[in-house]
Amino acid sequence: MKKDYSNYLQTTPDADGNFGDYGGSFIPPQLTGPMTEIHDAYLKISRSHRFIEELRSIYKHYQGRPTPVYHAARLSEMCGGAQIYMKREDLNHTGAHKLNHCMGEGLLAKYMGKKKLIAETGAGQHGVALATAAAYFGLECEIHMGEVDIVKEHPNVIRMKLLGAKVVPVTHGLKTLKEAVDSAFESYLKDPVNSIYCIGSVVGPHPFPMLVRDFQSVVGIEARAQFLEMTGHLPDVVTACVGGGSNAIGLFSAFLNDPCEIWGVEPLGRGPGVGDHAATITYGMPGIIHGFKCYLLQDEKGEPSPVYSIASGLDYPGTGPEHCLLKDEGRIQYTTADDKACLDAFFTLCRQEGIIPALESAHAVAFAMEKAKEMKFGTILLNLSGRGDKDLDFVVDNYGYGDPE
Ligand SMILES: *Cc1c(COP(=O)(O)O)cnc(C)c1O
């Protein structure tokens, strides 16, 4: 291997939040104070014994961690090559990895004496996870959501409300995620003393890409130890889907200094045309979005391009700055899976293993199936980031039950 990654997590990002040329903090002056407050509090609080103990107890007794690593024997046999293993984040409380960083953010808010958690949500997954954390900690929760998404993602709106969150409809512009971000920031800036902004992936200005990575690293720490115990070896290949990149970096961060190939899988949607996919690292150029620098799908003016994926949790025109750095360093390789490969993997996992995956996670399954065939032997560990309950109606209404005809 070219570079020694043994001190990487302690030294990356640098003190200003730079992951090489990416990340940083490109924010309006009124946000500088609040972000510095979160940053300083995080560094101090997250290293305290009390905080670490409380978070570990939450992982175990509330979330049900550690989630298992599972050997998908029938899927592996069907592929006819390498053995496929899955880190079962679909079995984490609320059905995906997102609760890992939401509980961390909620606990940080509690130690900082905050009263309210604020965030935006697109498909509603981050909103539900954060509303769950707020209920657990007895904090108020305000989730900003575009009116278009409120109609589209009705079940998640119901969940958030049941959990006690206030869902704020955003009615301007395209009434989707971008406007919801603006609206949430506006609300946060009205009262940064009593509230805290909670980002839903390893994106946004410093310290969020670092903070969310640290909270998600439990996935990789557990999976590495579990895999070693199960097999006596490290996996040959480690893989996960990449939207903002939090489930992926959570798993990958534990393997950076190991002799494993690491692959991030981006959504290729309907194909490589502009607006048909969200394969940011594969097709993007460095640019700035939502306060940080990353590979970005953008037009000539640097404005984010429209993006699309069958998995709404992956359709973001930027990606985590750490992925951009690790791509440039050649430590992680990035590839794509399109909608068709994703659906094929979705139905296959249902039938072969009795596991209904989230459409996001099915992108990683699609890659693992292809890679397993190519490898002939060896092992692949993939992050099954979430379960597919949220996708059932959409899949069945549009694609039936996946019967081969
Ligand atoms: C939100 C989501 C993703 C994408 O987010 P990352 O930050 O890239 O992990 C992936 N899988 C599931 C199940 C999700 O809910």
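Residues numbered from 1 in each chain as written. Predicted model: local features only at pLDDT ≥ 70, side-chain atom pairs only at ≥ 80, totals over all residues. Heavy atoms only, no water.

Undergrad: Tell me about the layout of surface pockets, and name the residues and values.
TA: Where empty space is left can be seen by rolling a probe of water-molecule size over the atoms. In this structure, the second largest pocket spans a volume of roughly 1100 Å³. What lines the second largest pocket is a set of 38 residues, and nearest its centre among them are Asp-214, Phe-215, Ser-217, Val-218 and Ile-221. Elements with a minimum of two residues in the lining of the second largest pocket: α1 (8-11), α2 (29-45), α3 (49-61) and α10 (208-231). Top contributing element to the lining of the second largest pocket by residue count: α10, with 8 residues. Looking at side-chain class alone, the lining of the second largest pocket contains 19 nonpolar, 10 polar and 9 charged residues. Counting residues domain by domain, the lining of the second largest pocket receives three or more from each of domain 1 (30-60 + 97-209) and domain 2 (64-95 + 217-399). (1 Å grid on protein atoms, 1.4 Å probe; cavity = no way out; pocket = protein on both sides within 12 Å on 5 of 7 lines; lining within 4 Å. Points joined across faces, edges and corners; volume = space filled by probe spheres on them. Helix = DSSP H or I, 4+ residues; strand = E, 2+ residues; numbered from the N terminus. Nonpolar A, V, L, I, M, F, W, Y, C, P; charged D, E, K, R; others polar. Domains from an automatic or database assignment.)

Undergrad: So what about helix α8 (residues 154-162)? Which residues, and what values?
TA: Those residues of α8 lying buried are Asn-156, Val-157 and Met-160. Angular distribution of buried residues about the axis of α8 spans 105°; they occupy a single face of the element. Turned more than 90 degrees from where α8 packs its buried face, Lys-161 and Leu-162 sit exposed. The secondary structure elements touched by the buried residues of α8 are α6 (125-137), β6 (140-146), α7 (147-152) and β7 (166-170). Within two residues after α8, Gly-164 carries a phi angle of roughly 95°, on the positive side. (Buried < 20%, exposed > 50% of the residue type's maximum accessible area, 1.4 Å probe, protein only. Arc of directions from axis to C-beta. Contact = heavy atoms within 4.5 Å.)

Undergrad: Would you mind going over the sheet that holds strand β13 (residues 333-338) in detail, with residue names and values included?
TA: Within a sheet, adjacent strands bond to each other through the backbone by hydrogen bonds, running parallel or antiparallel. Reading across from one edge, β3-β4-β14-β9-β10-β13 is the order of the 6 strands in this open sheet, with mixed pairing throughout. The sheet terminates laterally at β3 (69-71) and β13, the two strands that pair on one side only. Ignoring which end each strand starts from, the neighbouring axes of this sheet average 30° apart. In terms of strand pairing, strand β10 (residues 261-269) meets β13 through 6 bridges, oriented parallel. Note that in β13 the partner of Glu-266 across the bridge is Thr-336. Contacting β3, β4 (83-88) and β14 (379-384), α10 runs over the sheet at an angle of about 140° to β4. Along the sheet, helix α14 (residues 339-353) contacts β3, β4, β10, β13 and β14; its crossing angle with β13, the most-contacted strand, is approximately 80°. (Pairing = 2+ DSSP bridges. Axes fitted to C-alpha atoms, helices over the stretch in contact; angles between N-to-C directions.)

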